[in-house]
Structures are given as structure tokens and as C-alpha cells.
Amino acid sequence: MNATDAIVATAAVALAAAVLLARDLRAAAMSFVAFGLLLALIWARLGAADVALAEAAIGAGVTGALLIDAAAQLAGPGRRGGRGPTALAVGLLGGALALVLAHGAVSLAPSAGEASRLVAASLDAAQIVHPVTAVLLSFRAYDTLLEVGVLLIAVVAAQAAPPVPRPPLHHDPVLARVAGVTVPLAVLVAVYLLWAGATRSGGAFQAGAVLAGALLLARFAALPFDPLATRPVLRRAMLALGLAVFIAVALGAGGAAGAVLAYPAAWTGALVLVIEAALMLSIAASLVALFGVGRPQ
Amino acid sequence: MTLWLATGCVLVAAGLVALLLHPSLMRKLLGFNVMGGGVFLVLLAVAPRAAGGSADPVAQALLLTGIVIAVAATALGLLLARRYRAATGRSELPDDEAAGTDD
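The structure displayed is predicted, hence computed values, not measured ones.

*Asks:* Residues and numbers for the interface of chain A and chain B, please.
*Replies:* With 72 residues of chain A at the interface, the matching set in chain B holds 65 residues. Sorting the residues of the side of chain A that touches chain B by element identifies helix 1 (3–21), helix 2 (25–45), helix 3 (49–73), helix 4 (84–106), helix 5 (114–126), helix 6 (131–139) and helix 7 (141–160) of chain A as the ones contributing at least two each. The biggest single contributor to the side of chain A that touches chain B is helix 3 of chain A, with twelve residues. Across the side of chain A that touches chain B, the residue classes tally to 50 nonpolar, 15 polar and seven charged.

Here it is, written out as C-alpha cells:
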């Protein structure tokens, strides 16, 4: 433990308090963005670069934008709750829970690191260079497949609810100008993150989140480039693409390799890239769909 | 590591208390997300480092999955909260006593 870690940990707890105790929802949502970025910093300090990228893009970026967007519509009569005997009891129980959890976590037998040794030893057999990508798309590909399914179910559930009326967005020339420069750059970063995922930190999730940011910015700024809003067929195809390609590869290539979700030896790199590209498009389309924002008038 | 474990446990408890106490739906979702951050922190802190100082790849993959599921759940929750607001005019759950008399 060193001084920087102690400062970062204290700041994380202070920001969490700011999120949970803020007077109005907008301030709480903005504090949450700062909290998410600080978490990304913690992941980086713990050596988890992949998680840090995803936290910054998804945890702080997309979640923060969702919260700030919702704060205006969900404003209530200020902060309530947190007084009276019930609150006191729940607060005390919460403190006790923290102590019990900390005691349990600290007294855990130190893990020998069997899992990460196994991953390192199996990388050659999997023919994937980056260990996190190997876990996501080879060793535990089933988890990732189901995760994409969960994301699609969330989108279907969100779209099944009748749309909530919301004030129309207005065309803003300054925003349009800024977005005109930022959107192509963000698309470039997304493609880079996807490509980098094969050999180092990056991959479909981080790339999908950045692409979602680009698409949303294009929509908020009313840029003429907004294929998802103008073509419903394209939107649905893009939502389903990731799961469809993943299942097709799992069965097709898996059939050739002798087991579901296995890759034929010479094709691993190409198939993983195809799956990741499809996942990136679907994750981006899903995050945009979950925003539920229509085109500006 | 003890420092990160302690921080994670405090975040889990604080998020859970907020989730239970705040009647506001959006504040409940904020509590849920802070709690999730605490769970991720505990998970990464107990996982041993791999060779070269990077974190355990299995734990990293679990966290990546968790982050995506958390944003999907949050977005769905916010959408339902908006629907609830549109349908009832409220953005908070009713008090327990008031809810009892509604039936």
C-alpha cells in the first residue's frame, strides 16, 4: 500500500458519498461520472487495463450519460429517506455488513493463482495472444455468448415498453460542428480498440461503447450520418448481428473443430475477429437503443 | 490489497443502504451501481496477479461481463422509472403505509 493508493481509495469513498447523498439528481449523476472515472483509475492501478478501458467507456461514459439524461425527467421533491429509526437501523446494519464482508474477504485463504497460470499455459493451444481476449472468446466463450443474449433481451424488453414522451431535441450548430470532428475520430478509436483486442488491451466491449458514444453524439447533434435512426431494418439487423454471428460460428466452426464454440486450428484469429466485429456493432446498437432517443425534429 | 478490499466492502454496504433507504427510483439505481463498483473492487482485489503484474485474466473477463450487464440493467431500470413516472406522475415509490391503503 502506498500514499497514492490511500488517496485514491479515500477519494472513491468520498465520491460514492457524493453520489448517494447529493441534493439533486443531476449533481448525483455527474458525481457518478467522476466516481466511474476514479474506478477506472483503480482498475489501472490494479493492473486490469481491459477493465479500466471498459469502465471509462461504459461505466463512466454510457452509464453517466444515461443518468444525466434521466435526471431531468425523474426529478423528485429532493432527497428524502435517511431519517428516523428505520434509517438508523438500516444504516447500522449496513455498517455491520461492511465489517463482516471485510472480515470475510481479508480472511480468505490467498489464492495460488491457479486460474491465471492455467490461462497463461493454455494461450498457445488457444492461439490467441491476449489473455483476456482468450478467456472471453475461447476458454469462457459460453459466458460471453450468454452475456450478448442478456444484452439483446434487455433491448427487446426496453423496446417492448411504449415510448416515453420526451421533449424534442433541437438542432444546435455549435454541437453539430464539434460532433462533425469528434464522431469520425471516435469511430476510428473504436476500430482501433477492436483491432488491438487481438494482441493487447481492448476488444469488442470497449470498442462497442466508444462506437455507441459516436452514434449518440451524431444523433444529438443531428448529423446527416445516422443510419440507425433512418433505417429500422438496419437497426434490427445490427442489434441481432452479434448474437447471430456468434451462434453461427459456435455451431459452424465448432462443427468443423469437433465441439461447440471450438475454433478450427488455422482459423482462430480470423474467426475471433469476425465475432468481435459483429459484437462491437451489436453492443453499439444495443447501447444506442437503450438510450431511447429519437431523431431531433 | 487490504486497502482495496476495505474500500470495496464500504462501497458495497453504502450502495446497499442507499438502495434500501431512498424512495427515489433513480437514487436506488445509483446505489445499485455504487454497490456493483464495490463488488468489482473486491473481486479484483482478491484475485491474484498474473505474471508481469497484470491482473488475473479470468477476473478481468468476469468484470468486463459484469460492467456490460450493469449498464444494460441500469438502462432498463431508468426506462421503467420513466414509464412509472409517465403512468403515475411519481418518480418515487410510495411509502409503505400509503402502499398498504392502496390495495
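*Asks:* For helix 5 of chain A, give the residues involved together with the corresponding values.
*Replies:* All names here are of chain A. With 13 residues, helix 5 extends 18 Å from end C-alpha to end C-alpha; this agrees with the ideal 18 Å at 1.5 Å per step. At A120, helix 5 shows its maximal kink, close to 30 degrees. Of the residues flanking the end of helix 5, it is Q127, one or two places downstream, whose phi is positive at about 60 degrees.

*Asks:* Before we move on, could you go through the packing of helix 7 of chain A against helix 12 (residues 268–291) of chain A and cite the residues and values that matter?
*Replies:* All names here are of chain A. It is at 10 Å that the axes of helix 7 and helix 12 come closest, and there the two elements cross at 30 degrees. Looking at the two axes, helix 7 sits roughly parallel to helix 12. Where helix 7 crosses over helix 12, the two elements pack in a sense that is left-handed. Where helix 7 approaches helix 12, its residues V148, L151, L152, A154, V155, A158 and Q159 are matched on the opposing element by L279, S282, I283, S286, A289 and L290. Looking at the contact of helix 7 with helix 12, its residues break down into ten nonpolar, three polar and no charged.

The rules behind these values
Residues numbered from 1 in each chain as written. Chains lettered and ligands numbered in written order. Predicted model: local features only at pLDDT ≥ 70, side-chain atom pairs only at ≥ 80, totals over all residues. Contact = placed C-beta atoms within 7 Å. Helix = DSSP H or I, 4+ residues; strand = E, 2+ residues; numbered from the N terminus. Nonpolar A, V, L, I, M, F, W, Y, C, P; charged D, E, K, R; others polar. Expected span 1.5 Å × (residues − 1). Bend = angle between axes of the 7 residues up to and from the residue. Axes fitted to C-alpha atoms, helices over the stretch in contact; angles between N-to-C directions. Parallel < 35°, antiparallel > 145°, perpendicular 65-115°, else oblique. Left-handed = near helix turned anticlockwise from the far one by under 90°.

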